[in-house]
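Next come the chains, spelled out residue by residue.
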Amino acid sequence: MDDLFALDAPFERVSVLLPLPLDAAYDYKADPAWGLGRGAVVEVPLGKRRLIGVVLGPGGDDVPDERLRGVLRAYDVPPLPAAVLDLVDWVASWTLAPRGSVLRMAVSSPGALEPPPATHVLTAVPQAAWPEGTRMTPARRRALAALDGPALEPKDLAREAAIGPAVIKSMLESGLLERHALTPSPPFQPPDPDRAGHALTGEQADAAAALRRSVADRAFSVTALDGVTGSGKTEVYFEAIAAALSAGRQALVLLPEIALSAQWLERFADRFGTAPAVWHSELKPKVRRETWRAVAEGTARVLVGARSALFLPFAELGLIVVDEEHEPAYKQEDGVAYQARDMAVVRARLEGVPVALVSATPSLETLENVRGGRYRALHLAARPGVAELPTVELIDLRRDRPERGRFLAPALVRAVERTLADGEQVLLFLNRRGYAPLTLCRGCGHRLECPNCTAWLVEHRLLGRLQCHHCGFSGRMPRVCPSCEAEDSFVASGPGVERLAEEVLSRFPEARFQIASSDTILGPEQAGEFVRAVNAREIDVIVGTQIVAKGHHFPWLTLVGVVDADLGLAGGDLRAGERTYQMLHQVAGRAGRAERPGRVLLQTHVPENPVMAALAAGDRDRFLEYEAEQRRAAGMPPFGRLAGLVVSAPDPERADAAARAIARAAPRLEGVTVLGPAPAPLALLRGRHRRRLLVKARKEINLQRVLRDWLTPIRLENAVRLAIDVDPYSFM
Ligand code: ADP
Ligand code: ZN
């Protein structure tokens, strides 16, 4: 079919990149009258398929004319901005992903390209102008009566007059109705930068002025906005957004968990008088389409989104903000393994605009860039008004032990009692979904494991299922132990939030509690309802995972109990200490955000661990120095470079063979060390056997080039896959 699209007349050749896992662009012929320049979005044939593609520039001359196929159509959308195309190249060369895979993230919204549905309204033609011999029917009469007022959309007319589309059609044909085209109203109202925000404190005003200046400079710069939780960082970067708006520029705000940020959206609307555009993976197709187009056409002035928003085609970007920049959620693990915070800095550079990296616990990477003078830092040291930072105390579980089968130590129980007696709220934090992380047989010790993964099955008692948190496997609790055939012999080991809630219920029967995890809070609406219920004081005790750790501001919450502060330290991955510090600090920041002072109790078996010691002493910088020293000594990021290679295959033999072949081809270079292969900690994942290699290089080495030279020539069997992760965050 497509080959019939003949262009015998003069044509030009264009080079088109397709959103497929391919690095190369393909040549097509196109009608020169279309004027397809760089960035033009087109539809092209590939085999039997029709695909969206993006023109990168003129084509080459290596394919003969008769083999060249034609561009099917050009979409009526603004061309992708140069900065987006450059970002695609940049991300591809940094992550070693095929360019087409990266492009896919920029055109992930194919429906966006179709013109928005044309809408029109109907009015009645005055009787004097009716054609001769017009027939009147009851249905037609009802329609005319319904139009004895403002014009109506066809569907509204049909409803009000109780008529079908055929009546409307025939009335239009017989000249009784008239159609008037409507230009669809823009889906986004412009935020108003001139509405008053809070009166800023001195240090807030200084930081805001500095950010406003960097927006006015219209030049690339990176600012780390580093301030304690509740110090007003959001208020401050709102000022930078206002500056961008006043200068006629768009602003992009990245948040780690956009779906759960109802409070953020409310604050934005309070400050700017309207909602921002929003971007995340759960958007309905229509909204997605409108948003993509509005960003490209410049009618969406501020967009807040998850990491994928980084690839949107902003028409006139003036500012990027990365809130909670330390969050591991900015690292995409599947597909193109990119770090959105780092790539936000790249995009800002390509656009020539400032970027603000915002956090109460900046990443070591950011702090190292500040230390080296590449980034500027702005500090906020105080919470405005009366709110003070909470006190943090450690509970040494080796001495202050919970009773058998219980998880709250006596000191924490007493603190909960007191808080509830004062009519205030408690958060018990445990970053573990479900009832118990491990289920074992009392008779023989057999552990229930996922059949597809090297992982224990997690009991979810509320659902009555065992689940694998890696592959989604789900099954019933077996009645008979598969190993020793004992009946009803399984016992739960260790707590998840559901089990902890059981303890809350038995210890504090009067308290109203709610479990807050991704199993109980499934989307923005439920999150909004949860926040409302907490603020209306319909909940006394929140038993929550990390989904309550961030962003929320609960004025009546004064006690945070961290049930297992050591949880994140196990496993020994590179950032375990840093992440644990950040998460616990973040959780601690939920306490005492209004007039009532907050208290945080951390249950730990290792109170001497530098993470715990720093949290208790409120001495972040000492911890960071310690952590930086360890990493520097080991040549680890940000002082050295790392890449993870994961080889996987349906059977262990092929995985081993491929991993060994890759290791044998490894370069022997000064400053580059290749570790492994070894079975990955998750040696089996979704039925695939996995082997890991870790490549470590000195900072000044071009790791990407080393990897490309090494890995490009390697041919793997079809069943074997190699995933490359430059600067890995996961070591599983
Ligand atoms: P952060 O982003 O640093 O955690 P926020 O910007 O969320 O801090 O501010 C914490 C709380 O303090 C919010 O409820 C905010 O509205 C309030 N706040 C911040 N700055 C001021 C100010 N200057 N005056 C009054 N309230 C403020
Ligand atoms: Zn599994």
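Described below are features of the structure shown in this document.

So, how was this worked out
All residue numbers refer to position in the chain's written sequence, counted from 1. Note on labels: chains are lettered from A, ligands numbered from 1, in written order. For a predicted model such as this one, the threshold for reporting local features is a pLDDT of at least 70, and the threshold for listing and counting side-chain atom pairs is 80 or more; totals across whole chains, interfaces and linings nevertheless cover every residue. The side-chain quantities take in all heavy atoms of the structure and omit both hydrogens and water. In this listing, donors mean N, O and S atoms no farther than 2.8 Å from the metal, or 3.2 Å for Na, K and Ca; water is missing from the atoms, so a site can look incomplete. Square planar and octahedral sites, with four and six donors, are those where opposite donors lie more than 155 degrees apart and all other angles lie between 65 and 115, tetrahedral sites have four donors with every angle between 85 and 135 degrees, and the rest are irregular. Working definition: with a 1.4 Å probe on protein chains only, accessible area under 20% of the residue-type maximum means buried, over 50% means exposed, and in between means partly exposed. Numbering of helices and strands starts at the N terminus; helices are DSSP runs of H or I of at least 4 residues and strands are runs of E of at least 2. Arc definition: directions from the helix axis to the C-beta atoms. Residue contacts are counted whenever heavy atoms from the two residues lie within 4.5 Å of one another. The rule for a residue being near a molecule or strand is that one of its heavy atoms must lie within 4 Å of it. We define a polar contact as two N or O atoms separated by no more than 3.5 Å, with the added condition that, inside protein, one atom must be a possible hydrogen donor and the other a possible acceptor, whereas residues neighbouring each other in sequence contribute only through side-chain atom pairs. Note on areas: Shrake-Rupley, 1.4 Å probe, and residue coverage restricted to the protein chains presented here. In this classification, Asp, Glu, Lys and Arg are treated as charged, Ala, Val, Leu, Ile, Met, Phe, Trp, Tyr, Cys and Pro as nonpolar, and every other residue, Gly included, as polar. We count a salt bridge whenever a side-chain nitrogen from Lys or Arg sits within 4 Å of a carboxyl oxygen from Asp or Glu.

**Topic: the coordination of the zinc ion (ligand 2)**
Within the first shell, the zinc ion (ligand 2) binds the protein through Cys450 (SG), Cys453 (SG), Cys468 (SG) and Cys471 (SG), at distances of 2.2 to 2.4 Å. One can describe the donor arrangement at the zinc ion (ligand 2) as tetrahedral, given that its four donor atoms subtend angles of 105 to 115 degrees at the metal. One chain supplies every donor to the zinc ion (ligand 2), and in sequence these donors are spaced C-x2-C-x14-C-x2-C. Take cysteine 468: its relative accessible area is 2%, and that puts it in the buried class.

**Regarding helix H3 (residues 138-146)**
Turning to H3, its buried residues are Ala139, Arg140, Ala143, Leu144 and Ala146. Down the axis of H3, the smallest arc covering the buried residues is 160 degrees, so these residues share one side. Residues of H3 that are exposed and point more than 90 degrees away from the buried face comprise Pro138 and Ala145. The secondary structure elements touched by the buried residues of H3 are strand S6 (119-124), helix H4 (154-161), helix H5 (165-173) and strand S7 (177-182).

**Notes on the site of ligand 1**
Taken together, 17 residues form the shell around ligand 1, and within it Gln204, Gly230, Lys233, Thr234 and Arg267 come nearest. Between ligand 1 and histidine 198, the relevant distance is 3.3 Å, taken from an oxygen atom to a side-chain nitrogen or oxygen of the residue. Contact distances for ligand 1 include 2.8 Å between a nitrogen atom and a side-chain N or O atom of glutamine 204. Protein chains shield 78% of the accessible area of ligand 1, which is 550 Å² for the free molecule. Ranked by residues supplied to the shell around ligand 1, first place goes to helix H7 (residues 233-246) with three residues. For the shell around ligand 1, the class distribution of residues is four nonpolar, nine polar and four charged.

**What about the pattern of salt bridges?**
Enumeration according to the criterion identifies 46 salt bridges in this entry. The partner of arginine 398 in a salt bridge is glutamate 608, with the nearest N and O atoms 3.5 Å apart. Of this pair, arginine 398 sits in the loop between strand S15 (391-396) and helix H12 (410-421) while glutamate 608 is found in the loop between strand S25 (599-604) and helix H16 (610-617), placing the two residues 210 residues apart along the sequence. A relative accessible area of 40% places arginine 398 in the partly exposed class. Judged by relative accessible area, which is 52%, glutamate 608 ranks as exposed. For arginine 631, the salt bridge goes to glutamate 578, with nearest N and O atoms at 2.7 Å. With arginine 631 in helix H17 (residues 620-634) and glutamate 578 in helix H15 (residues 576-588), the pair connects residues that are 53 residues apart, well separated along the chain. What you see here is one network of salt bridges that share partners, running through Asp396, Arg398, Arg399 and Glu608.

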